[in-house]
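Survey of secondary and tertiary structure
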Amino acid sequence: MEQHKWRATNRVAGILVLLAVWQLLAATVFSSYFALPTPTAIVAQAVTDWPMVFPNLAQTASEAARGWLFGNAAAFVLATVFVVIRPIERVATQLALALYCLPVIAIAPILTAVLDGDRPQVVIAAQSVFFTTLVAVMVGAKAADQAAIDVVRTAGGSRWQEFVRVTLPSALPATFGGLRIAAPAAVLGAIIGEYLGADSGLGVAMVYAQQSLDVERTWALALYATMLAGAAYLATAAVERRVCSWSTTTTGGTGPRTTSGSIPKRIALTAGTAAGAVLGSLVLWQVAIIGLDPYFAKGPADVWRYLATPGSERDQLISALGTTTLHASYGYLVGTVAAFVVAVSVVSWPAVEAAVMPVAVALRAVPLVAMTPLIALVFGRDVATVVVIAGIVTFFPSLVTIVTGLRSMPSGAIDLLSAYGASRFDLMVRARIPYALPSVFAAARIAAPSAVMGALLAEWLATGDGIGFLMLRASTGANYGRLWSSVALITVVSLLAYALATAAENALSRNRFQ
């Protein structure tokens, strides 16, 4: 009880310090920036707007809750199938990744055209959580203790019994790490869907506030969105503490299992998986546009013809893609390094966790699609804004996943090293960080595509360069050939970023655990 009180006190103190610094800077250094009001002005506006906000808040909460439920349910079902039936995992995971990498700001208008009511917002919220949870469940499942699995097999247990008795319990800590990321992501996804086309919700209210140049109301609505996402995060964390109270004392697994076989065999397997994933994606793409107006619904053949035709259109698209890739790389590096440093500090000093995690949740919950123009006013309409946006979307999932990995080290190993006089620094460098490497790469697999989406968002709304800006011009000019070609190229870049993270993970795992 005393520990919980101490952590709550530090959490409140951390938030108060942050607000005090914000109040001071907004009133002094940034007083000329009308886009950065003081916290007191934001809170006053939020209180005044409550009667108007409540129905919109309820609508967004409903969309986010349904998206969270459907997206996570689909992730759990697919993860279970992948664990029990291993041969389909590779190709199916790539198909799921392709869905995750689709740029929401480009597909939202299409969803709005083909779905009625608030279904587009629910679908976008589900898409926002699906792949993150799928990766988390798979990482946890693959870390199951092989010795315990062998015991079940020796006793005559089936693959299903292996899953229920060993794999599922082992996967719970990593799974809840994914669910904690998914909770604010569902809120953000619902708001993005509303911002790009809906009748009600916090996103719609933000559109009206921005059109009226009402900066304080925009920030007040962002505050409500942050509180909603924070409540979802804290609720998930509370369930995790009850369900996974044993996780800090678990003996852990034997480390990640890697693919065996010669290098040519692994290359052939990877190539076959990629080919199957590409073929499956093209088939799903073609099926998805059946019955839609061909004026705006372009298929793989249409995009191929567009990209295969030499000329300034294609050259401009390729050049813009290079700019976006560079922007995303900067944001990813900044966000990942910051997340790693903060994660090490959180695990080493509990007071840091109490002070930092609420801020991290707030960063994740801020509806960037609405706040990007305001961020651009503070940081300028150049690469700095892109790095900030891409870094923010990278930081939170990386932080949560890396913290989970650092804490997953078996308690027996901690006790052994402590008995030999290992310092906190030695324990971190020689034990926790090496043991957390699978989670670090799992974070990279989640964050790398997110960084691409963050860069795309900043270019679309703020900087006026990169492929994001070309997509904006294509959307407003009804140039659907360019729009769909841009979506295809961005999806390919996101898939390549994911593949690089996976290849690095596999290479390191082979060196360390074989």
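Since the model is a prediction, treat every value here as computed from it, not as a measurement.

1. A closer look at the overall build of the chain
Helix and strand content of the chain: 20 helices and 0 strands. Counting the 514 residues in the chain, one finds 48% classified as buried. Counting contacts in the chain only where the partners sit at least 6 residues apart, residues at least 24 apart contribute 80% of the total. As displayed, the chain offers around 23,500 Å² of accessible surface, 68% of which is attributable to carbon and sulfur atoms.

2. With respect to the nonpolar core
Ranked by size, the top nonpolar core spans 27 residues in total, and within it Val53, Val187, Ile191, Leu202, Met206 and Leu221 carry the most contacts. Looking at this core, the elements that each hand over two or more residues are α2 (39-48), α3 (50-84), α6 (119-142), α8 (159-195), α9 (202-211) and α10 (215-243). With 9 residues, α10 is the single largest residue contributor to this core. Residues contacting Leu221, with those up to four places away along its chain left out, are Val53, Leu202, Ala205, Met206 and Ala209. Counting 23 residues, the second largest nonpolar core, distinct from the first, contains Leu457, Ala474, Leu483 and Val493.

3. Observations concerning the layout of surface pockets
Roughly 250 Å³ of volume is contained in the second largest pocket. What lines the second largest pocket is a set of 14 residues, and nearest its centre among them are Ser329, Tyr332, Ala448, Ala497 and Leu500. Looking at the lining of the second largest pocket, the elements with two or more residues in it are α13 (312-348), α18 (424-463) and α20 (480-513). When its residues are assigned to classes, the lining of the second largest pocket shows 12 nonpolar, 2 polar and no charged.

4. Let's talk about the packing of aromatic side chains
The final tally for this structure, using the stated rule, is 2 aromatic pairs. With a centroid separation of 5.8 Å and an interplanar angle of 35°, the aromatic rings of Trp50 and Tyr224 are classed as tilted. Taken as a pair, Trp50 in helix α3 and Tyr224 in helix α10 lie far apart in primary sequence, 174 residues in all. Taking the relative accessible area as the measure of exposure, Trp50 reaches 39% and is therefore partly exposed. Through a chain of ring-to-ring contacts, three or more aromatic side chains come together here, namely Trp50, Phe54 and Tyr224.

5. Quick notes on the packing of α3 against α6
One can describe the packing of α3 onto α6 by two numbers: an axis separation of 7 Å at closest approach and a directional angle of 35°. Regarding α3 and α6, the two cross each other, and that crossing is right-handed. When its residues are assigned to classes, the contact of α3 with α6 shows 19 nonpolar, 5 polar and 2 charged.

6. Describing the pattern of salt bridges
All told, the structure shown has 5 salt bridges when counted by the stated rule. Ionic pairing is found between Asp118 and Arg66, a salt bridge with its closest N-O pair at 2.5 Å. Residue Asp118 is found in the loop between α5 (104-114) and α6, and its partner Arg66 is found in helix α3; the two are separated by 52 residues along the sequence. Across the pair Arg180 and Glu240 runs a salt bridge whose closest N-O atoms are separated by 2.6 Å. Highlighted residues: Arg180 in helix α8 and Glu240 in helix α10, separated in sequence by 60 residues. Here the two residues Arg180 and Glu240 agree in accessibility, since each one is buried. Several salt bridges converge on common partners, so that one network encompasses Asp49, Asp214 and Arg217.

7. What to know about the confidence of the model for the chain
Detail in the predicted coordinates should be disregarded across regions flagged by low pLDDT. Here the chain averages 77 in pLDDT, while 77% of its residues score no lower than 70. Predicted confidence for residues 248-260 stays below pLDDT 50, and this span has 36 contacts to residues more than four positions away or in other chains.

8. What about α2?
For α2, the complete set of buried residues consists of Pro39, Ile42, Gln45 and Ala46. Buried residues of α2 fall within an arc of 125° about the axis and therefore sit on the same side. Exposed residues on α2 whose side chains face more than 90 degrees from its buried face are Val47 and Thr48.

9. Concerning a nonpolar patch on the surface
Together, Val12, Ile15, Leu16 and Leu19 give the surface a local cluster of nonpolar side chains, amounting to about 320 Å² of exposed area. On the secondary structure map, Val12 appears in helix α1 (residues 2-27). Classification of Val12 as partly exposed rests on a relative accessible area of 48%.

10. Some thoughts on the side chain of Gln127
Note that Gln127 resides in helix α6. Filtering out sequence-adjacent residues up to four positions away, Gln127 remains in contact with Leu99, Tyr100, Leu102, Val104 and Ile107.

11. Side note on the side chain of Lys298
Mapped onto the fold, Lys298 is located in the loop between α11 (263-288) and α12 (300-308). We note that Lys298 is buried and unpaired, the nearest opposite charge coming from Asp302 at a distance of 5.6 Å. Side-chain polar atoms of Lys298 contact the backbone oxygen of Pro294, separated by 3.2 Å. Sequence-distant contacts of Lys298, that is, excluding residues within four places in its chain, are made with Trp285, Ile289, Tyr480, Gly481 and Trp484.

12. Some words on the environment of Arg241
Within the element layout of this structure, Arg241 appears in helix α10. Using a relative accessible area of 52% as the deciding quantity, one classes Arg241 as exposed. Spatially, the C-alpha atom of Arg241 lies 9.7 Å from that of Pro173, the residues being 68 residues apart in sequence.

What counts, and at which threshold
- Residues numbered from 1 in each chain as written.
- Predicted model: local features only at pLDDT ≥ 70, side-chain atom pairs only at ≥ 80, totals over all residues.
- Heavy atoms only, no water.
- Helix = DSSP H or I, 4+ residues; strand = E, 2+ residues; numbered from the N terminus.
- Buried < 20%, exposed > 50% of the residue type's maximum accessible area, 1.4 Å probe, protein only.
- Contact = heavy atoms within 4.5 Å.
- Areas by Shrake-Rupley, 256 points an atom, 1.4 Å probe, with all protein chains shown as cover.
- Core = buried A, V, L, I, M, F, W, Y, C linked by side-chain atoms within 4.5 Å.
- 1 Å grid on protein atoms, 1.4 Å probe; cavity = no way out; pocket = protein on both sides within 12 Å on 5 of 7 lines; lining within 4 Å.
- Points joined across faces, edges and corners; volume = space filled by probe spheres on them.
- Nonpolar A, V, L, I, M, F, W, Y, C, P; charged D, E, K, R; others polar.
- Phe/Tyr/Trp six-rings, centres within 6.5 Å; stacked < 30°, edge-to-face > 60°.
- Axes fitted to C-alpha atoms, helices over the stretch in contact; angles between N-to-C directions.
- Left-handed = near helix turned anticlockwise from the far one by under 90°.
- Salt bridge = Lys/Arg side-chain N within 4 Å of Asp/Glu carboxyl O.
- pLDDT = per-residue confidence, 0-100.
- Arc of directions from axis to C-beta.
- Patch = residues over 30% accessible without salt bridge, like charges linked within 9 Å, V, L, I, M, F, W, Y side chains within 5 Å.
- Lys, Arg positive; Asp, Glu negative; His and termini not counted.
- Polar contact = N/O pair within 3.5 Å; in protein donor to acceptor, adjacent residues only side chain to side chain.

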